[in-house]
Amino acid sequence: EAGVVQSPRYKIIEKKQPVAFWCNPISGHNTLYWYRQNLGQGPELLIRYENEEAVDDSQLPKDRFSAERLKGVDSTLKIQPAELGDSAVYLCASSLDFNGPPEAKTQYFGPGTRLLVL
Amino acid sequence: AQTVTQSQPEMSVQEAETVTLSCTYDTSESDYYLFWYKQPPSRQMILVIRQEAYKQQNATENRFSVNFQKAAKSFSLKISDSQLGDAAMYFCAYTTDKIIFGKGTRLHILP
């Protein structure tokens, strides 16, 4: 079974440019997460989707970040315009069902997209 | 607000020995879930072990076990018979309707 797929793996852009990250979760997983992980830190949740609905976006900087999960499968996270402080690894994860039994809450992570803003 | 604290930024253990990573959390909730995730260098994060707060019995997965002290809000991870492949960042995570990760502990295995 394929795991969580993310692309691109690496991205270098200049500040004020837009950037987008793509995530394909594990088939059948209805919950999708986007995290930001700064160097030497733990992941920080940006947004959580249940199917196509964003149920927790309280930590998403809405002035420059946006996300969508069309048809409740793939998701895209966008930053426009990017700032120097956005340099980080952006992780996507999925789980079977955040509101389900304990084993369904286990998150499966993708390899991440490493963003460098110059 | 819920918080997760991992007080050991780095630890080292001799191969085949036992090591314990600490994690404390703060919450007013009574029903929640706790996880330990492992992030090897340049590799994906994977689940190590999960504990449901309503269960008194400590979770165990092969060489990995936890010491869950609900009243003390403590959730430590014990790795027995440490192996070179255990070298990684270990993150403690707390979940209710929110998901919060600690800052991680980098574990070095000494041959």
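Residues numbered from 1 in each chain as written. Chains lettered and ligands numbered in written order. Predicted model: local features only at pLDDT ≥ 70, side-chain atom pairs only at ≥ 80, totals over all residues. Heavy atoms only, no water.

**Q** Honestly, the overall build of chain A in this entry has me stumped. Any pointers?
**A** When its secondary structure is counted, chain A shows zero helices and 11 strands. Scanning chain A from its N terminus toward the C terminus, one meets helices and strands in the order β-β-β-β-β-β-β-β-β-β-β. Relative to the compact-globule value of 13 Å for 118 residues, chain A shows a C-alpha radius of gyration of 14 Å, a close match. When its C-alpha atoms are laid out on the principal axes, chain A stretches across 45 × 25 × 25 Å. Across the 118 residues of chain A, 49% fall into the buried class. (Helix = DSSP H or I, 4+ residues; strand = E, 2+ residues; numbered from the N terminus. Rg over C-alpha atoms; globule rule 2.2 N^0.38 Å. Buried < 20%, exposed > 50% of the residue type's maximum accessible area, 1.4 Å probe, protein only.)

**Q** I'm lost on the confidence of the model for chain A in this one. Help?
**A** Interpretation of the predicted coordinates at a detailed level should be avoided for regions scoring low in pLDDT. Per-residue confidence for chain A gives a mean pLDDT of 94, with 99% of residues at or over 70. Put simply, strand β6 (residues 53-56) of chain A is where chain A has its lowest mean pLDDT, 92, and strand β3 (residues 19-24) of chain A is where it has its highest, 98. (pLDDT = per-residue confidence, 0-100.)

**Q** What am I meant to see in the environment of B:G104 here?
**A** All names here are of chain B. Turning to its location among the elements, G104 is positioned in the loop between β11 (99-101) and β12 (105-110). Relative accessible area serves as the criterion here: at 6%, G104 is assigned to the buried category. Separated by 95 residues in the primary sequence, G104 and P9 place their C-alpha atoms 6.5 Å from one another. When near neighbours in sequence (up to four residues on either side) are disregarded, G104 contacts Q6, Q8, P9, M89, Y90 and F91. (Contact = heavy atoms within 4.5 Å.)

**Q** How should I be thinking about the side chain of A:T31 in this particular structure?
**A** Residue and element names in this part refer to chain A. As for its placement among the helices and strands, T31 is situated in strand β4 (residues 31-37). Of the residues examined, T31 reaches a relative accessible area of 0% and is grouped as buried. There is a polar contact of 3.0 Å between the side chain of T31 and the backbone nitrogen of F98. In contact with T31, not counting residues within four places along its chain, are R48, Y49, E50, R69, A93, S94, S95, L96, D97 and F98. (Polar contact = N/O pair within 3.5 Å; in protein donor to acceptor, adjacent residues only side chain to side chain.)

**Q** What exactly am I supposed to notice about the environment of A:L96 here?
**A** Along the chain, A:L96 turns up in the loop between β9 (88-95) and β10 (108-109). Not counting residues up to four positions away in its chain, the partners in contact with A:L96 are A:G28, A:H29, A:N30, A:T31 and A:A104.

**Q** Can you help me understand the sheet that holds strand β1 (residues 5-7) of chain A in this one?
**A** Strand pairs in the sheet, formed through backbone hydrogen bonds, run parallel or antiparallel to each other. All names here are of chain A. The sheet built from four strands is open, its strands ordered β1-β3-β8-β7 with antiparallel pairing. With one partner strand each, in any of the chains shown, β1 and β7 (65-68) form the two edges of the open sheet. The average undirected angle you get between the axes of adjacent strands in this sheet is 15 degrees. As paired elements, β3 and strand β8 (residues 75-79) share five bridges and run antiparallel to each other. Bridge pairing links F21 to L77 in β8. (Pairing = 2+ DSSP bridges. Axes fitted to C-alpha atoms, helices over the stretch in contact; angles between N-to-C directions.)

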